[in-house]
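# Chains, contacts and geometry: an overview
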Amino acid sequence: MTKHRQTPASATALRCPEAEDTPVLEALFDRAFGPDRHSKGAYRLREGSSPILSLSRVMQTQGGEILGAALVWPVLLRCLISGAINDVLLFGPFAVDPARQGQRLGLTLLNAVMDAIDRQSVGPVFLVGDNPIYKRVGFAPLAPRSIMLPGGIDGDRVKVRDQRGHIRIPSIGELAPPVPERMNRFYGTAAE
Ligand SMILES: CC(C)(COP(=O)(O)OP(=O)(O)OC[C@H]1O[C@@H](n2cnc3c(N)ncnc32)[C@H](O)[C@@H]1OP(=O)(O)O)[C@@H](O)C(=O)NCCC(=O)NCCS
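Since this is a predicted model, take the numbers as computed values, not measurements.

What counts, and at which threshold
Residues numbered from 1 in each chain as written. Predicted model: local features only at pLDDT ≥ 70, side-chain atom pairs only at ≥ 80, totals over all residues. Helix = DSSP H or I, 4+ residues; strand = E, 2+ residues; numbered from the N terminus. Buried ≥ 20, exposed ≤ 12 C-beta atoms within 10 Å, placed from the backbone. Contact = placed C-beta atoms within 7 Å. Near = placed C-beta within 6 Å. Nonpolar A, V, L, I, M, F, W, Y, C, P; charged D, E, K, R; others polar. Pairing = 2+ DSSP bridges.

## Overview of the environment of Ile85
Looking at the element boundaries, Ile85 is found in strand β4 (residues 85-96). Taking the C-beta count within 10 Å as the criterion, Ile85 has 14 such neighbours and is therefore assigned partly exposed. On a C-alpha basis, the gap between Ile85 and Gln6 in space is 45 Å, while along the polypeptide they are 79 residues apart. When neighbours within four sequence positions are excluded, Ile85 is seen to be in contact with Leu76 and Arg78.

Written out as structure tokens, the structure reads:
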């Protein structure tokens, strides 16, 4: 049985990720999701792009050990009726080190990312997942709307959080990888 070390959120710090964190974050996500994680449909949305560092967060101990991370990416939302395209956000991957789960670190991290998104007044933000934790910060299922993932994958696990009604979400649409030249407004935002 895994021995869980206690790490109160008050003993941790949150910051934006940096390029040098990549190997540590990849190892964390592999431990949390398993090494086959890249086969999931959401990964097709991230191919060829980079996380938006100013909206993403890592959680670390005072000694600098990374305990969790949550990344945010730019993606496109296309209406399959009108063809209209909007720039939106994709949340994930999101993970806490397996030895530190169940101590509210994930919720702290999730709240920090949603606060950053709200402060920059960007959105809506989509994710693919079923964890009940997402409802705590305002994510909701899309039904009766239907949003597909790349490759015709059914988006029945897609959730959305749109606190400010930034755009009209289509009744039938698809999420697609971003077109870099449309994303300057996200990448151009200075990290805190
Ligand atoms: C999901 C994850 C990031 C949550 O982090 P965490 O630190 O363990 O979660 P927290 O302790 O902050 O949980 C906050 C609340 O969410 C609930 N919760 C978290 N994970 C849950 C799960 N898998 N199922 C049901 N409830 C869950 C907790 O019970 C807790 O509820 P409470 O406040 O009523 O006690 C972490 O479990 C993880 O890394 N899992 C593996 C990767 C993963 O599945 N990521 C999400 C992909 S969709």
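What follows picks up the thread again.
## Considerations on the site of the ligand
By nearness alone, 16 residues border the ligand, and Ala95, Gln101, Gly106, Leu107 and Gly129 come closest of all. When the residues that make up the shell around the ligand are grouped by side-chain class, the tally is nine nonpolar, six polar and one charged.

## What to know about the pairing of strand β2 (residues 57-61)
Examined bridge by bridge, strand β1 (residues 12-15) and β2 share four bridges and lie antiparallel to one another. In the strand pairing of β2, Thr12 is matched with Thr61. Bridging between β2 and strand β3 (residues 66-79) involves four bridges; their strand directions are antiparallel. Note on β3: the bridge partner recorded for Met59 is Gly68. The antiparallel pairing of β2 with β3 creates a hairpin that spans four residues between the two strands, and Gly64 there sits at a positive phi of about 95 degrees.

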